[in-house]
Amino acid sequence: MTKVIDCVAIGEELMKEIVKETEALKAKGITPGIATLLVGDDFGANMYRGQVEKFCEEAGFNYINENPAADVSEAEVIEIVKKLNANPTVSGILPLRPFPEQISDSAVINSIDVNKDIDCFHPFNMGKLAMGEVTFPPATPAAVIEILERYATEEGIDPKDFFEGAEIVVVGHSNIVGKPAAYLAVNRNATTSITHVFTSMKGNLAKHTTGADILIVAAGKADLIGPDLVKAGAIVIDVGINRVKVLDEKGEPVLNDKGKPKTKTVGDVSFDAVKDKTKAITPVPGGVGSVTNRMLMKNALKACKIANGLL
Ligand code: NAD
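Quick caveat: nothing in here was measured; it's all calculated off a predicted structure.

Trainee: Would you take a moment to explain the packing of helix H6 (residues 139-154) against helix H8 (residues 178-187) for this structure?
Mentor: Relative placement of two packed helices is described by the angle separating their axes and the distance separating the axes. Relative to each other, H6 and H8 sit at 40°, their axes nearing to 8 Å. It follows from the interaxial angle that H6 and H8 lie oblique. For the pair H6 and H8, the crossing hand works out as right-handed. Touching Pro141, Ala142 and Ile145 of H6 are Pro180, Ala181, Leu184 and Ala185, all from H8. Considering only residue class, the contact of H6 with H8 consists of seven nonpolar, no polar and no charged.

Trainee: Please clarify how the side chain of threonine 22 should be interpreted in this entry.
Mentor: Topologically, threonine 22 is positioned in helix H1 (residues 7-27). A polar atom in the side chain of threonine 22 sits 2.7 Å from the backbone oxygen of isoleucine 18. Filtering out sequence-adjacent residues up to four positions away, threonine 22 remains in contact with Pro32, Ala59, Gly60, Phe61 and Leu301.

Trainee: I'm lost on the sheet that holds strand S6 (residues 191-195) in this one. Help?
Mentor: Remark on secondary structure: sheet strands pair via backbone hydrogen bonds, oriented parallel or antiparallel. Spatially, six strands are ordered S1-S11-S8-S7-S5-S6 in an open sheet, and the strand pairing comes out parallel. Looking along the sheet, the strands with just one partner apiece sit at the ends: strand S1 (3-4) and S6. As defined by bridge partners, S1 adjoins strand S11 (residues 280-281) across two bridges and the pair is classed as parallel. Each bridged residue has a counterpart across the sheet, and for valine 4 the counterpart in S11 is isoleucine 281. Sheet contacts for H6: S1, strand S7 (214-217), strand S8 (235-238) and S11; angle to S8, the most-contacted strand, approximately 150°. Along the sheet, H8 contacts strand S5 (167-171) and S6; its crossing angle with S6, the most-contacted strand, is approximately 170°.

Trainee: Is there a simple way to explain the layout of surface pockets in this structure?
Mentor: Regions of empty space are outlined by a rolling probe, equal in size to a water molecule, passed over the atoms. In this structure, the largest pocket encloses a volume near 1,300 Å³. Residue lining of the largest pocket: 44 residues in total, with Tyr48, Thr140, Ile176, Ile241 and Thr292 positioned closest to the centre. No other element matches the six residues that helix H2 (residues 43-59) contributes to the lining of the largest pocket. Residue classes in the lining of the largest pocket are distributed as 23 nonpolar, 15 polar and six charged. Lining the lining of the largest pocket are residues from two domains, each supplying at least three of them: domain 1 (26-115) and domain 2 (139-292).

Trainee: Sorry, what's going on with unusual backbone geometry here?
Mentor: What you tend to see is this: most non-glycine residues have negative phi, and most peptide bonds are trans. Residue proline 98 is bonded to the preceding arginine 97 through a cis peptide linkage, with omega at 10°. Mapped onto the elements of the fold, proline 98 is located in the loop between strand S4 (92-96) and helix H4 (105-110). In this model, valine 284 is joined to proline 285 through a cis peptide bond whose omega is 0°. Summarising the element assignment, proline 285 is placed in the loop between S11 and helix H12 (289-307). At cysteine 120, a residue that is not glycine, the phi angle is positive and equals roughly 55°. With respect to the element layout, cysteine 120 can be found in the loop between H4 and helix H5 (123-130). A residue is classified by how much of its surface remains accessible, and cysteine 120, at 3% relative accessible area, is buried.

Trainee: Honestly, helix H3 (residues 74-86) in this entry has me stumped. Any pointers?
Mentor: At 3.6 residues per turn, the α-helix brings residues three or four places apart onto the same side. In a regular helix each residue adds 1.5 Å, so 13 residues correspond to 18 Å; H3 covers 19 Å between its end C-alpha atoms and thus fits that length. The complete set of buried residues in H3 reads Val77, Ile78, Ile80, Val81, Leu84 and Asn85. For H3, the buried positions fall inside an angular range of 155° around the axis, keeping them on one side. Within H3, the exposed residues directed more than 90 degrees away from the buried face are Ala75, Lys83 and Ala86. Residues of H3 that are buried in the fold lie against strand S2 (33-38), strand S3 (62-66), S4 and H4.

Trainee: Just checking my understanding: could you explain the nonpolar core for this structure?
Mentor: Here is a general trend for soluble globular proteins: nonpolar side chains tend to be buried in one another's company. Of all hydrophobic cores here, the largest spans 61 residues; its most connected members are Phe61, Ile168 and Ile237. When residues in this core are grouped by element, the largest group, nine residues, is from H6. Composition of this core by domain shows at least three residues from each of domain 1 (26-115) and domain 2 (139-292). For isoleucine 237, the residues in contact, after removing those within four places along its chain, are Ile5, Val144, Ile147, Leu148, Leu215, Ile216, Val217, Thr282 and Val288.

Trainee: Looking at this model, I keep getting lost on the pairing of S2. Mind explaining?
Mentor: Side-chain direction in a regular strand flips from residue to residue, so the side chains alternate between the two faces of the sheet. Within S2, six of the six residues are buried, which leaves the element mostly enclosed by the surrounding structure. Residues Gly33, Ala35 and Leu37 of S2 are buried on one face, and the alternating residues Ile34, Thr36 and Leu38, pointing to the opposite face, are buried as well. For S2 and S3, the ladder comprises five bridges, and the chain directions are parallel. Residue pairing in the sheet places threonine 36 in a bridge with asparagine 65 of S3. Considered for its hand, the β-α-β crossover made up of S2, H2 and S3 is right-handed.

Trainee: Any chance you could explain the site of the ligand here in plain terms?
Mentor: Taken together, 21 residues lie around the ligand, and His173, Ser174, Ser200, Ile241 and Thr292 are the ones closest in. Isoleucine 241 is positioned such that a nitrogen or oxygen atom in its backbone is 3.0 Å from an oxygen atom of the ligand. Here a nitrogen atom of the ligand and a backbone polar atom of glycine 289 are 3.4 Å apart. If the ligand stood free it would expose 860 Å²; the protein chains cover 74% of that surface. Among the secondary structure elements, those contributing two or more residues to the shell around the ligand are helix H9 (197-201) and H12. Looking at the shell around the ligand, its residues break down into ten nonpolar, ten polar and one charged.

So, how was this worked out
- Residues numbered from 1 in each chain as written.
- Predicted model: local features only at pLDDT ≥ 70, side-chain atom pairs only at ≥ 80, totals over all residues.
- Heavy atoms only, no water.
- Axes fitted to C-alpha atoms, helices over the stretch in contact; angles between N-to-C directions.
- Helix = DSSP H or I, 4+ residues; strand = E, 2+ residues; numbered from the N terminus.
- Parallel < 35°, antiparallel > 145°, perpendicular 65-115°, else oblique.
- Left-handed = near helix turned anticlockwise from the far one by under 90°.
- Contact = heavy atoms within 4.5 Å.
- Nonpolar A, V, L, I, M, F, W, Y, C, P; charged D, E, K, R; others polar.
- Polar contact = N/O pair within 3.5 Å; in protein donor to acceptor, adjacent residues only side chain to side chain.
- Pairing = 2+ DSSP bridges.
- 1 Å grid on protein atoms, 1.4 Å probe; cavity = no way out; pocket = protein on both sides within 12 Å on 5 of 7 lines; lining within 4 Å.
- Points joined across faces, edges and corners; volume = space filled by probe spheres on them.
- Domains from an automatic or database assignment.
- Buried < 20%, exposed > 50% of the residue type's maximum accessible area, 1.4 Å probe, protein only.
- Expected span 1.5 Å × (residues − 1).
- Arc of directions from axis to C-beta.
- Core = buried A, V, L, I, M, F, W, Y, C linked by side-chain atoms within 4.5 Å.
- Right-handed = clockwise from strand over helix to strand, strands pointing away.
- Near = heavy atom within 4 Å.
- Areas by Shrake-Rupley, 256 points an atom, 1.4 Å probe, with all protein chains shown as cover.

Have a look at this one:
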């Protein structure tokens, strides 16, 4: 019987734990805080910023947003980062990309204090992640691991035994999801492979994915993973978020009141077709995304403790 993992419940559980820890820190006169850095007014980045602000409010964190105009210079943005580095009310700094083209991502990221780099963007923290000495596991891959660990525990399996020697295949090799997810898995002694668009182009994707006990998919391609790419009894974690048109039985787009095609959010896995072949699967929406921001907040709590000599 397939288990559809309730990631929303995991997110809520994590939030309760975060609120409890925050209250304990506040009792000591310490308040964790997150600063976002949004340059200009990119729609997606601003939506993400709003979510971070909401979660900070819920948890009782300090929250500030630095929002220079889109034509700001790189040097000015770096000055803002330096100011945030020196601000004791800011435990963690989250740069929200994309940046305008005159600003190099790496110049900004490299100027963040490594002890405030709560999404593990800085090469120092990425290096530590690769070496298995993780301070801040990046939020999205950390959410994947948290979901798997909680699933294992619920199934009565020690998470350590769950990962050791498990065949884990990651689809996607980006620096923010695919590669760090693979590092977190191999750090837990899973036998880990990374596949990507070039694996697909050579026609080799199924060869890898059908060997996976745990398949982690982060490609950003709706319906990339059908049942033919999944081993029977696998655990499938779908990180992908895609907006697609809603189609009727004839495959025609369904229109909304304004005569525009209706859209919906789906993952990279063809959920309905794949679900019954799996032992466990995460849905989209209501999947990994429900846990990601909470992992960021856990990292901010850790950064706050480090800054206050509590870790
Ligand atoms: P990205 O575009 O940086 O990387 C996509 C990766 O998928 C690349 O490594 C590419 O090689 C691979 N890929 C693309 N087409 C492929 C194919 N046909 N076969 C195999 N591999 C293929 O994207 P990203 O930032 O890593 O994000 C991946 C997905 O995860 C996106 O849908 C994104 O929206 C989603 N995401 C979700 C969360 C969350 O919290 N749930 C957080 C971040 C990203």
